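# Structure at a glance
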Amino acid sequence: MWSGQGWNTQISADNSLNGPVITTSNGSLLSGITIENMQVNGNRTNQTSGDCMDMRAVDQSTFTNLWVTQCKATSIAFTGTGGGTYGYNNTISNNLFDGNGQNGLTFSQNDENLITGNLFKTLSGGYNILDGAGLQSIQQNTFEGVSATSGTAIYEQNNSNDVMANNTFDGPPGIAIQVDGSSTVMTGNNFYNCSNVLSD
């Protein structure tokens, strides 16, 4: 377990790190880790590339009460192993993602995750959630368009069987939900000030 004492506990990228602030190995699956109660700051203006957190090959792990901010690219990128084994069954809850250059959460070879109770703000042209794996449960999140200029809230990219339930979309600058897959369940979502609610 890696636990701070709240958002005053801050881990920041050095100038010109140009890589992740926190990362895991992509060798074998890493199970049961917890990262919670801290701020992860990507120091975006002093980087040319890099995510804040690259969670490679994690499963059955918990990421909660984090403020992930000022990332050059993605807040948290979830992937599988270098050999192609999927990560799965992680919980991403009650976090704030803001001020990032591209994306909030991305999923590639990492599925069956619960994404709930998060706040996504200040999108800059990418995606709040970019799901390239499928079988995600995306519930009770808030997607705000505050200070955002372009971008899509949720993009289901070439996969299937996501559940998107009881989320709030408050003025995302682009598309609220973009679906490029099949067997997607959408229920109980609230849309306010959305210029484009759904694209498929």
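Everything below is about the structure printed above this text.
Quick look at the structure, then.

The rules behind each value
Residues numbered from 1 in each chain as written. Predicted model: local features only at pLDDT ≥ 70, side-chain atom pairs only at ≥ 80, totals over all residues. Heavy atoms only, no water. Helix = DSSP H or I, 4+ residues; strand = E, 2+ residues; numbered from the N terminus. Rg over C-alpha atoms; globule rule 2.2 N^0.38 Å. Contact = heavy atoms within 4.5 Å. Areas by Shrake-Rupley, 256 points an atom, 1.4 Å probe, with all protein chains shown as cover. Lys, Arg positive; Asp, Glu negative; His and termini not counted. Charge placed at Lys NZ, Arg CZ, Asp CG, Glu CD. Buried < 20%, exposed > 50% of the residue type's maximum accessible area, 1.4 Å probe, protein only. Salt bridge = Lys/Arg side-chain N within 4 Å of Asp/Glu carboxyl O.

### Looking at the overall build of the protein chain
Within the protein chain, the secondary structure is distributed over zero helices and 26 strands. By the compact-globule yardstick of 16 Å for 200 residues, the protein chain fits well, its C-alpha radius of gyration being 16 Å. In terms of its C-alpha atoms, the protein chain occupies a principal-axis envelope of roughly 40 × 35 × 30 Å. Considering only contacts within the protein chain whose residues lie at least 6 apart along the sequence, 62% involve residues at least 24 apart. Accessible surface, the protein chain: about 8300 Å² in total, of which carbon and sulfur atoms supply 41%. Where the 4 positive side-chain charges of the protein chain centre and where its 15 negative ones centre are 14 Å apart.

### Topic: the environment of Leu 198
Note that Leu 198 resides in strand E26 (residues 196–199). Assessed through its relative accessible area of 43%, Leu 198 is described here as partly exposed. Linking Leu 198 and Ile 177, residues 21 residues apart in sequence, is a C-alpha distance of 5.0 Å. If we skip the residues at most four places from it in the chain, Leu 198 touches Ile 175, Ile 177, Val 179 and Met 186.

### Remarks on the pattern of salt bridges
Taken as a whole, this structure holds one salt bridge when the rule is applied. Among the ionic pairs, Asp 54 bridges to Arg 56, the shortest N-O distance being 3.5 Å.

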